[in-house]
Amino acid sequence: MASHGIARTSRGRTVEQRLQNLKKIEIYRDLENQIRTQVESGTYNLVVFQLTTQLLCINPEYYTIWNIRRQCLVSNVLSRSEDQSASNAQDDRSDGTKQDSDESFLHSELDFTMPLLVKFPKCYWIWNFRWWILSETIRRLPVPVACTIWETELGLTSKMLNRDQRNFHAWGYRRSVVSMLESPELRGKSLAEEEFASTTTMIGRNLSNFSAWHHRSQLVFKLLAERGCNDAARAAFLEKEFDMGREGLNVGPEDQSLWYYHQFLMSQIVDDGNPHTIAPALTIAERVACLKHEIEEIKDLLEDYIDVKWIYQALLEYTLALRRLEQRSIRDNDEASTLTAWLEKLVALDPMRRGRWNDFAGRLETWNSG
């Protein structure tokens, strides 16, 4: 039998391999039974804790065992302070021994999950447990110490994303870590500038990093507000972002992630009258000039890339947006025939979305008759 043109071959296991697998299963079931027996009697001691270590190294997807490990830590490993958060707020170090012990154990738990994350980077339960450990640092340790641990965690997410740029677990986790570092609990300040710079670095390494482009778009307005940018600075910022997007498109116009960010920037131009845009003070004339410039730049791509559907889609969408901004219909025959030719090319390149392109055709007819 073949799959994707490649013949499948059966790989029979030797007797020795089968025996080894049976032994592993036996060990796994024995660990599970030992843990369940102890927990059913209400025991969450260090013996159970060590058993969870062994089982989780085999199967980190077993979320119940992570919960048991938490209970072991709270019951027998970490100190029992009545209100650690209150002492943290005052940097109370009266019980340094407890804090040192807690810090050591919390670090060891972070170390324990690290090789598991490397091996299973998309396992929810590892990420969840790691987040719980980090939350405990805020509750149990002095703020400067906890802050250092969280900053190290942010560095870890960067390394994880260098290994796998599309790991949405790591991206979501990174945003949560940044949010906590910015929170009052860690005496935080905004990391918008640092995060924006990190997206520039990530995009520089790989233009196809969709998540980095998306993260960048989410940071823009916060960044501009914190910089206190006036109208001129906002317009200059927008132009610089257009330059960056355009450079990317010139290299890889077939990449959807680049078009995503370019569409985001174009939405800031065509949405006239919306005060919540990058450069709301731009005049109609300035917006029209920008749209025309971008359309001409995209047309130039057709000289080298005649079979990239994103180019034709952008030309159609942006041309209609331009006409709306100018408040005029498409009365020029040459322009109408060009738009029709682009649409026909788009249908040929992307027939699966024929219904969408038919909708475009209806919109063109409306503009032509307007």
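Residues numbered from 1 in each chain as written. Predicted model: local features only at pLDDT ≥ 70, side-chain atom pairs only at ≥ 80, totals over all residues. Heavy atoms only, no water.

Digging into empty space enclosed by the protein
Item 1. The tally for this structure, following the rule as stated, stands at 1 cavity of 30 Å³ or more.
Item 2. In this model, the largest cavity occupies a volume close to 30 Å³.
Item 3. If you go around the largest cavity, the residues you meet are Arg246, Leu249, Asn250, His262, Glu294, Glu297, Ile298 and Leu301.
Item 4. Contributions of two or more residues to the lining of the largest cavity are made by helix H11 (231–251) and helix H13 (284–301). (1 Å grid on protein atoms, 1.4 Å probe; cavity = no way out; pocket = protein on both sides within 12 Å on 5 of 7 lines; lining within 4 Å. Points joined across faces, edges and corners; volume = space filled by probe spheres on them. Helix = DSSP H or I, 4+ residues; strand = E, 2+ residues; numbered from the N terminus.)

Observations regarding the packing of aromatic side chains
Item 1. Summed over all chains, the structure comprises 12 aromatic pairs.
Item 2. Note on tyrosine 63 and tryptophan 125: the rings are 4.9 Å apart at their centroids and 35° apart in plane angle, and the pair reads as tilted. Of the two residues, tyrosine 63 sits in helix H3 (residues 63–77) while tryptophan 125 sits in helix H6 (residues 124–140), which places them 62 residues apart along the sequence.
Item 3. On the basis of relative accessibility, which here comes to 45%, the residue tyrosine 63 falls in the partly exposed class.
Item 4. Residue tryptophan 125 is classed as partly exposed on the basis of its relative accessible area of 30%.
Item 5. Between tryptophan 131 and tyrosine 173, the ring centres sit 5.9 Å apart and the planes meet at 75°, which makes this aromatic pair edge-to-face. Highlighted residues: tryptophan 131 in helix H6 and tyrosine 173 in helix H8 (residues 168–181), separated in sequence by 42 residues.
Item 6. Accessibility expressed as a relative area gives 6% for tyrosine 173, which makes it buried. (Phe/Tyr/Trp six-rings, centres within 6.5 Å; stacked < 30°, edge-to-face > 60°. Buried < 20%, exposed > 50% of the residue type's maximum accessible area, 1.4 Å probe, protein only.)

Some remarks on H8
Item 1. The end-to-end C-alpha separation of H8 is 20 Å, in line with the 20 Å expected for 14 residues at 1.5 Å each.
Item 2. If you check which residues of H8 are buried, you get His169, Ala170, Trp171, Tyr173, Arg174, Val177, Val178, Met180 and Leu181.
Item 3. Those residues of H8 that are buried lie in contact with H6, helix H7 (143–163), helix H9 (192–205) and helix H10 (210–227). (Expected span 1.5 Å × (residues − 1). Contact = heavy atoms within 4.5 Å.)

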